[in-house]
Amino acid sequence: MKTMADEEVSEDLKSLNIDDKKEVSSGDHSPAMSPVMLSENNYNWVDITDDFFNSIKVLDLGELLHDELFGLFEAMSAIEMMDPKMDAGMLCNRGNKAALTFEQAVDCGKLKLSSLSLSEQIGVIDNTLACLVSWLEGHSLAQTVFTNLFLHKPHTVQDKPLRAFCFSVYKIVYIIKDFVNRGTVFEEEDFQPTVYGYSLCPDWSEQRVVALLRETEDELQRRVRARTADTPDTGKHEDLIALHARVRFTRLLYQALSSLSKQGGVSVGDSSKLLTTCAEVIPTLIKTLDRGLQPTPTPDGGSVMMGFEPLVNQRLLPPTFPRYTRVKSRADAYQYLEELIGRLKQACRVATCTSFHSALDLFIELSRSNPCIVSRSVMQLLYVNRANGSCVDALRDAARNFISPPSLAPRNPFVANPQAREYVDTFFDRCVRPFTSLIQLCGHNRARQRDKLAHLLEEFASLQDEAERVDAFLNNIGQKCDPPRSHLACFGTWVLYHSLRIMIMFLLSGFELELYSTHEYHYIFWYLYEFLYGWLISSLTRADSFLVDQEQAAAAGRAQRRSKPRKKKARPYTREIILHQALQNMCGGYYKAMLGFRQDGKLQLPHPEFDCERVRYEHRFAPFSSLLTPPPVQYSEFHDMTAALQHTHSQSLYTHGCKHFHQARSLLESITNPDNEINELLRVAKTNFVVLKLLATGHRRESTKPPDFDFSYHHHFPIIKLQ
C-alpha cells in the first residue's frame with residue numbers, strides 16, 4: 001500500500017516525463033528512487049533556449065505572453081533561479097563559511113570587546129546606523145540591526161562610547177517599533193515589527209541611557225579639547241571629533257524620539273528643538289565618513305565588516321523563501337536620517353493645528369511628499385493625542401467653521417427641541433468613523449491610499465444620505481421659528497465638500513502611481529473639468545455665501561447698538577475657490593489638448609480588436625457608483641457630451657486648450673502669498689500655454705511623434721513636451 005509521500009513522488013515522476021518502471025514502496029529509501037538523483041538516462045530533456053528566444057521576438061518591450069496555465073499570478077509568485085534579486089540563496093547561502101555567533105566570534109578572536117580603536121568604533125556606529133535605516137525601509141531586524149554582534153550582549157562591551165551607543169540603539173528601535181504599532185498605518189511592505197525574540201533592554205531606563213550618553217559625550221569633548229591644545233592636526237584628533245559627533249547625534253535623536261513618544265507633559269516644541277540640533281550635527285557626520293573602519297571587500301562581490309555577521313540570525317527567519325537584504329551605504333543612510341529629521345519636524349506641525357480642516361489639509365500635504373513609516377506614524381499619534389478622543393467636538397467645530405449651520409450656533413431655536421438635538425448628535429456620531437478613517441488613510445503609503453479611498457467613498461455615500469435627512473428635518477423646524485431659519489443642505493454641503501475632495505484625490509492618485517495609459521488621459525481630465533471641480537467650486541461658493549449671510553445677519557443686530565459701521569470682512573473661501581478654478585481650467589486645457597493629439601494621430605491607441613473604451617471608462621470610475629451626489633456619469637452620457645468636440649478640428653482644440661491654460665495662469669497669478677505648489681502649477685500652466693499656442697499655429701503639424709508628459713514638476717499636472 002502506497003503512502004501519501006509515495007504518491008507525491010509518483011506524481012512528480014509523471015510531471016517530469018520520467019519513464020520509470022520501478023515500483024515505489026514505502027519501505028524503499030534508496031537514493032535511486034529520488035526524482036532529484038535519478039540517472040540522466042531517465043530524463044527526456046529538450047533544449048528550448050533557441051525556440052524561446054525566437055518566440056519572444058514577436059513581443060515588444062513591456063508586452064507579456066499570457067497562458068491559461070501561467071498568468072500574472074503565477075508570474076509574480078515565481079522565483080527566477082540564479083537571479084540574485086529573486087533567488088535569495090544565491091547570496092545568502094553561498095559559500096562554505098559558517099556564521100559565527102557572539103560567543104564563537106569572541107572565542108576565535110574575531111570580535112573585540114575592549115581596546116577598540118577610534119576608527120573601529122566609528123565604523124561600527126556608521127554601519128549600525130546604515131542597518132537601522134535599512135530596517136526602516138522594510139527589511140527585518142534579524143537581517144539588519146541584529147547582524148551587529150555587539151548588540152547581542154551590549155553589557156560585555158568594555159569601550160564606553162560603543163557600549164552607550166549599543167544601549168541607545170536598543171531604545172531607539174523600541175521607540176520606533178512602538179510608534180509604528182500605535183500609529184497603525186503600516187503595511188507589510190512598509191515595516192516588519194518582529195523582534196525575533198530579542199529583548200530591547202527593558203532593564204535600562206531612559207534616564208540611565210541618556211546619562212550614559214551624556215557622560216560619554218562630555219568625556220569625548222574633554223579629550224577633543226585636550227588634543228586641540230596639544231597636537232591639533234593629528235589623525236586621532238579628527239577621529240575624536242567624529243566619534244564625539246556620533247555620540248551626540250545618537251543622544252539627540254533618542255531624546256527627540258523619546259519626547260515625541262510621551263503622552264503628555266512634554267511640549268512638541270522641545271522635540272522640534274532637539275530635532276533641529278540633531279540636524280545640525282549631520283554635516284559633521286557626513287564629512288567624517290572616511291574616518292571610520294570600512295568594510296573589507298570579498299572575492300564574491302560582497303563585503304565583511306568587523307563585528308557584523310549577516311547570516312547569524314538565518315535560523316530565526318520564518319520558513320519562507322529567504323529575502324536577500326542589501327544594507328544601504330553609509331552616505332545614503334545619513335542622507336535618509338537627515339530627511340527623516342526634516343519629516344519629523346514637519347509632522348510636529350500637526351500639534352499646532354487648531355481645527356479638523358487645517359489638520360486634514362496638513363495630512364494631505366505631507367502625504368504627497370511620500371513620508372516614511374516613522375514620520376507617518378508620529379503624525380497620526382500627535383493628532384490623536386491632541387484630539388484627546390473628542391472627535392465629535394472636533395467635527396462639530398469643523399462643520400461650524402465651514403458653513404456655520406444654524407443648529408450649531410451658540411443661541412439657536414433648535415436647542416429647545418429634544419428631537420432636533422438627538423438628530424444632530426446622532427449625525428455627528430455617525431461622522432466619527434468615516435472622518436477618522438480619512439485622517440488615518442493619509443498616513444498610509446500612496447498605493448494603499450488609493451485602495452482605501454475607494455472603500456471610503458461607500459461610507460461617505462451613506463453619510464450623504466443621512467445628512468440630507470437631518471437637513472430636511474431641521475429646515476422644517478427652522479421655518480416655524482420666528483424669524484424663520486433656513487437649514488437646507490448645511491450638513492449636506494459639508495459632507496459633499498469632503499466627498500468631492502476624496503473623489504479628486506482618487507483620480508489624481510492614478511497619475512502619481514502611473515496607472516493610466518496616455519490614451520486614457522482625455523476622459524480622466526474631462527471628468528475632473530466638467531464635474532468634480534465644478535461641483536467642488538459650487539459647494540465652496542454655497543458655504544461662502546451662507547457664512548457671509550450669517551455674518552451680515554449677526555452684524556445687523558450689532559449695528560443698531562453702534563454708531564460706527566464695521567468694515568466688511570473678506571470672503572473666507574476666496575483663495576480656495578480661485579485655486580480650484582485654476583485647476584479646473586488646467587484640466588480643461590489637458591482635455592482639449594488630448595483630443596487634438598487624437599485628431600492628429602499623435603497618440604498611440606490600443607488595437608481595436610483588444611480595446612473597449614467603455615470597459616476602461618467604467619473600471620476607472622467604478623468607485624463613484626455608490627454616490628448619489630454628484631451622480632456618476634455613465635459612459636453613454638460621456639460619449640454624448642463629447643461627441644461634438646471629438647469631430648472638431650485639432651487646431652481649434654489647441655486654441656481652446658491654450659485659452660484654458662491662460663485662464664489658469666491668470667487665476668494663479670492673482671493669488672497673494674503663493675506657496676510652492678502654486679508656483680509649480682504656475683510654471684506648468686505657462687509652459688503648456690506656450691506649447692499649445694505653437695500647436696494652434698500649425699507647429700510640427702506633420703510630425704506623428706507622440707508628445708511627452710513630464711510629471712517631474714508636479715505629481716498630477718504634467719508639462720507637455722513635443723518631440
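First, a word on what this report is: a plain description of the structure on this page. In this text the structure is predicted, and so the values were computed from the model without any measurement. (Residues numbered from 1 in each chain as written. Predicted model: local features only at pLDDT ≥ 70, side-chain atom pairs only at ≥ 80, totals over all residues. Heavy atoms only, no water.)

Along its length, the chain carries 23 helices and four strands. Of all 723 residues assigned to the chain, the portion counted as buried reaches 47%. Residue pairs at least 24 apart in sequence account for 78% of intrachain contacts in the chain once pairs closer than 6 positions are excluded. Total accessible area on the chain stands at roughly 37,800 Å², and carbon and sulfur atoms take up 52% of it. (Helix = DSSP H or I, 4+ residues; strand = E, 2+ residues; numbered from the N terminus. Buried < 20%, exposed > 50% of the residue type's maximum accessible area, 1.4 Å probe, protein only. Contact = heavy atoms within 4.5 Å. Areas by Shrake-Rupley, 256 points an atom, 1.4 Å probe, with all protein chains shown as cover.)

Bringing the side chain of Q255 into the picture now. With respect to the secondary-structure elements, Q255 resides in helix α9 (residues 235–261). Apart from residues lying up to four places away in sequence, Q255 is in contact with V210, R214 and L274.

The N-to-C vectors of α9 and helix α10 (residues 268–287) enclose an angle of 155°; their axes lie 9 Å apart at closest approach. By the angle class used here, α9 and α10 are roughly antiparallel. Taken as a pair, α9 and α10 cross one another with a handedness that is left-handed. Residues A245, R246, R248, F249, L252, L253, Q255, A256, S259 and L260 of α9 pack against S271, L274, L275, T277, C278, V281, I282, T284 and L285 of α10. Looking at the contact of α9 with α10 residue by residue, the class counts come to 12 nonpolar, five polar and two charged. (Axes fitted to C-alpha atoms, helices over the stretch in contact; angles between N-to-C directions. Parallel < 35°, antiparallel > 145°, perpendicular 65-115°, else oblique. Left-handed = near helix turned anticlockwise from the far one by under 90°. Nonpolar A, V, L, I, M, F, W, Y, C, P; charged D, E, K, R; others polar.)

Counting 209 residues, the largest nonpolar core has W494 and F717 as its most contacted members. Looking at this core, the element that brings in the most residues is helix α18 (residues 521–559), giving 17 residues. Here F717 is in contact with L508, F525, Y533, L583, M586, C587, Y590, L681, V684 and F711, once residues within four sequence places are set aside. (Core = buried A, V, L, I, M, F, W, Y, C linked by side-chain atoms within 4.5 Å.)

Here we take up the pattern of salt bridges. Counted according to the given criterion, the structure contains 29 salt bridges. The salt bridge involving E677 is made with R368; its shortest N-O contact spans 3.4 Å. With E677 in helix α23 (residues 676–696) and R368 in the loop between α12 (356–367) and α13 (373–387), this residue pair connects regions lying 309 residues apart in the sequence. Look at E677 and you get partly exposed, because its relative accessible area is 31%. Accessibility expressed as a relative area gives 29% for R368, which makes it partly exposed. (Salt bridge = Lys/Arg side-chain N within 4 Å of Asp/Glu carboxyl O.)

Looking now at the packing of aromatic side chains. The tally for this structure, following the rule as stated, stands at 44 aromatic pairs. Ring geometry for F146 versus Y170: centroids 5.9 Å apart, planes at 35°, classification tilted. With a gap of 24 residues between them, F146 in the loop between α6 (118–136) and α7 (160–183) and Y170 in helix α7 connect regions that are remote in the sequence. Y170 matches F146 in its accessibility class, with the two residues each being buried. The interplanar angle of 45° and the centroid separation of 6.1 Å between the aromatic rings of F428 and W494 together place this pair among those described as tilted. Of this pair, F428 sits in helix α15 (residues 418–441) while W494 is found in helix α17 (residues 490–512), placing the two residues 66 residues apart along the sequence. Within the aromatic cluster, the residues linked to one another by ring pairs are F511, Y516, Y521, F525, Y590, F597, Y654, F661, F709, F711 and F717. Across from the ring centre of F506, 4.0 Å away, lies the NZ or CZ of R450, which sits over that ring. (Phe/Tyr/Trp six-rings, centres within 6.5 Å; stacked < 30°, edge-to-face > 60°. Lys NZ or Arg CZ within 6 Å of the ring centre and 35° of its normal.)

What follows is about helix α20 (residues 613–620). Looking at α20, one finds that the buried residues are E613, R616, Y617 and R620. Projected onto a plane normal to the axis of α20, the buried residues spread over an arc of 100° and lie on a single side. α20 presents V615 and H619 as exposed residues on the side facing more than 90 degrees away from its buried surface. (Arc of directions from axis to C-beta.)

For the rest of this paragraph, the subject is the side chain of H244. As for its position among the elements, H244 is in helix α9. Classification of H244 as buried rests on a relative accessible area of 14%. Apart from residues no more than four positions distant in its own chain, H244 is found in contact with E217, L220 and Q221.

Residue placement: E215 occurs in helix α8 (residues 206–230). For E215, a relative accessible area of 43% corresponds to the partly exposed category. In sequence terms E215 and K160 are 55 residues apart; their C-alpha atoms lie 9.4 Å from each other.

Along an α-helix, residues three or four positions apart point the same way, because every turn accommodates 3.6 residues. For α15, with 24 residues, the first-to-last C-alpha span of 35 Å sits near the 34 Å given by 1.5 Å per residue. By the largest-angle criterion, V432 marks the main kink of α15, which is about 30°, and a proline, P434, follows within four residues. Within α15, the full set of buried residues consists of A420, V424, F427, F428, C431, P434, F435, L438, I439 and L441. The opening residue of α15, the one whose side-chain oxygen lies 2.9 Å from the backbone nitrogen of Q419, is N417. (Expected span 1.5 Å × (residues − 1). Bend = angle between axes of the 7 residues up to and from the residue. Polar contact = N/O pair within 3.5 Å; in protein donor to acceptor, adjacent residues only side chain to side chain.)

By the secondary structure assignment, L362 is in helix α12. If we ignore the near neighbours within four places in the chain, the residues touching L362 are R349, V350 and C353.

For the rest of this paragraph, the subject is a nonpolar patch on the surface. A surface patch of nonpolar side chains, about 610 Å² in accessible area, is lined by F52, F53, I56, V58, L59 and L65. Considering the arrangement of structural elements, one finds I56 in the loop between α2 (49–55) and α3 (72–77). (Patch = residues over 30% accessible without salt bridge, like charges linked within 9 Å, V, L, I, M, F, W, Y side chains within 5 Å.)

Here the focus is the environment of F531. For F531, the location among the structural elements is in helix α18. We classify F531 as buried; its relative accessible area is 18%. Along the primary structure F531 and V633 are separated by 102 residues, whereas in three dimensions their C-alpha atoms are 8.9 Å apart. Filtering out sequence-adjacent residues up to four positions away, F531 remains in contact with W526, V633 and M641.

What follows covers unusual backbone geometry. Cis geometry is found at the peptide bond from T629 to P630, where omega equals -5°. Note that P630 resides in the loop between α20 and α21 (635–646). Positive phi, close to 60°, is recorded for S115, a residue that is not glycine. By the element assignment, S115 lies in the loop between α5 (102–107) and α6. Residue classification places S115 among the exposed residues on the basis of a relative accessible area of 61%. Even without glycine at this site, E514 takes up a positive phi of about 60°. Take E514: it is sitting in the loop between α17 and α18.

By themselves, these are just geometric observations and shouldn't be taken as functional.
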